[in-house]
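Chains, contacts and geometry: an overview
These are the residues of each chain, in order.
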Amino acid sequence: MALKGIRVVEFAGLAPAPYCGMILSDFGANVIRVDKAPSQVNLDRLARGKKSIAVNMKNSEGVNIVKNLCRNADVLIEPFRKGVMEKLNLGPTEVMKDNPGLIYARLTGYGQTGPYSDRAGHDINYIATSGVLSMLGRKHEKPYAPINLLADFGGGGLVCALGILMALYERTMSKQGQVIDANMVEGSAYLGK
């Protein structure tokens, strides 16, 4: 398997981040998902091949557990809006102090910068903002909204996985990690080119 030996810490979230983690797991990476504690029974179909741990990150003990996981990780995938990880003292500046080779992948709707970076959204918002929605449907009719394949899975999870793979390759030369700012608007626009 191409990613055998690669260790990934994935923070639980909706479709894009779990899909990204599943892709890496499918190709041999060892993925551990960090769930919020207390955790409910998980029926997530995107958990294939992953281990999981439930952690209460609202206290210092939980944050230290996550930091310890990250010290030995190659990749971290986080799906939260801008500033959430920093409030938990788990932002890239903090975590990469102990692991400068870490690939820190941030997967959001609108990215970490720009006028929409603080906003929440859904697949339909992201493909409309990217312009891809206008390409779907018949000429001279309103566009057809697809299920969440374009932004969540393609423009989000798949494009983030590609970014992680490129960063892992680059790390073989520089020996340094990097922060990836993957977002579903730009990823969808890239798919629509």
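Scoring rules and cut-offs
Residues numbered from 1 in each chain as written. Predicted model: local features only at pLDDT ≥ 70, side-chain atom pairs only at ≥ 80, totals over all residues. Heavy atoms only, no water. Core = buried A, V, L, I, M, F, W, Y, C linked by side-chain atoms within 4.5 Å. Buried < 20%, exposed > 50% of the residue type's maximum accessible area, 1.4 Å probe, protein only. Helix = DSSP H or I, 4+ residues; strand = E, 2+ residues; numbered from the N terminus. Contact = heavy atoms within 4.5 Å. Pairing = 2+ DSSP bridges. Axes fitted to C-alpha atoms, helices over the stretch in contact; angles between N-to-C directions. Disulfide = S-S within 2.5 Å. pLDDT = per-residue confidence, 0-100. Parallel < 35°, antiparallel > 145°, perpendicular 65-115°, else oblique. Left-handed = near helix turned anticlockwise from the far one by under 90°. Nonpolar A, V, L, I, M, F, W, Y, C, P; charged D, E, K, R; others polar.

**With respect to the nonpolar core**
The biggest cluster of nonpolar side chains holds 21 residues, and the ones touching the most others in it are Val8, Leu24, Val75, Ile77 and Ile164. Those elements that place two or more of their residues in this core are helix H1 (16-26), strand S4 (75-78), strand S5 (103-108), helix H6 (149-174) and strand S6 (178-183). For this core, the element with the highest residue contribution is H6, accounting for five residues. Non-local contacts of Ile77, meaning those with residues more than four positions away in its chain, are made with Val8, Val9, Glu10, Phe11, Ala17, Cys20, Gly21, Leu24, Ala105 and Ile164.

**Section: the sheet that holds strand S2 (residues 30-36)**
For sheets, the rule is that strands pair by backbone hydrogen bonds, running either parallel or antiparallel. On the basis of which strands lie adjacent, the open sheet formed by six strands has the order S3-S2-S1-S4-S5-S6 and parallel pairing. Edge positions in the sheet fall to strand S3 (51-55) and S6, since each has one partner strand and no second. For this sheet the average axis-to-axis angle between neighbouring strands, irrespective of direction, equals 20 degrees. Direction of pairing for strand S1 (residues 7-11) relative to S4: parallel, over a ladder of three bridges.

**Remarks on the state of the cysteines**
Tallied over the full model, the rule gives zero disulfides. Considering cysteine sulfurs only, Cys160 is the nearest to Cys20, which forms no disulfide, with 3.9 Å between them. You can call Cys20 buried: its relative accessible area is 0%. The closest cysteine sulfur to the non-disulfide-bonded Cys70 is located on Cys160, 15 Å from its own sulfur. On the accessibility criterion, Cys70 (1% relative accessible area) is buried.

**Details of the confidence of the model for the chain**
A residue-level look at the chain finds 97% of positions with pLDDT of 70 or above and a mean pLDDT of 91. Per-residue pLDDT, averaged within each element of the chain, yields its smallest value for helix H5 (residues 123-130) (89) and its largest for S4 (98).

**A look at the packing of H1 against H6**
Two numbers describe how H1 lies on H6: the axes approach to 8 Å, and their chain directions differ by 45 degrees. Between H1 and H6, the angle is such that the two are oblique. The two elements H1 and H6 meet at a crossing, and its hand is right-handed. Seen from H1, the contacting residues are Pro16, Tyr19, Cys20, Ile23 and Leu24; seen from H6, they are Asp152, Phe153, Gly157, Leu158, Cys160, Ala161, Ile164 and Leu165. Looking at the contact of H1 with H6 residue by residue, the classes come out as eleven nonpolar, one polar and one charged.

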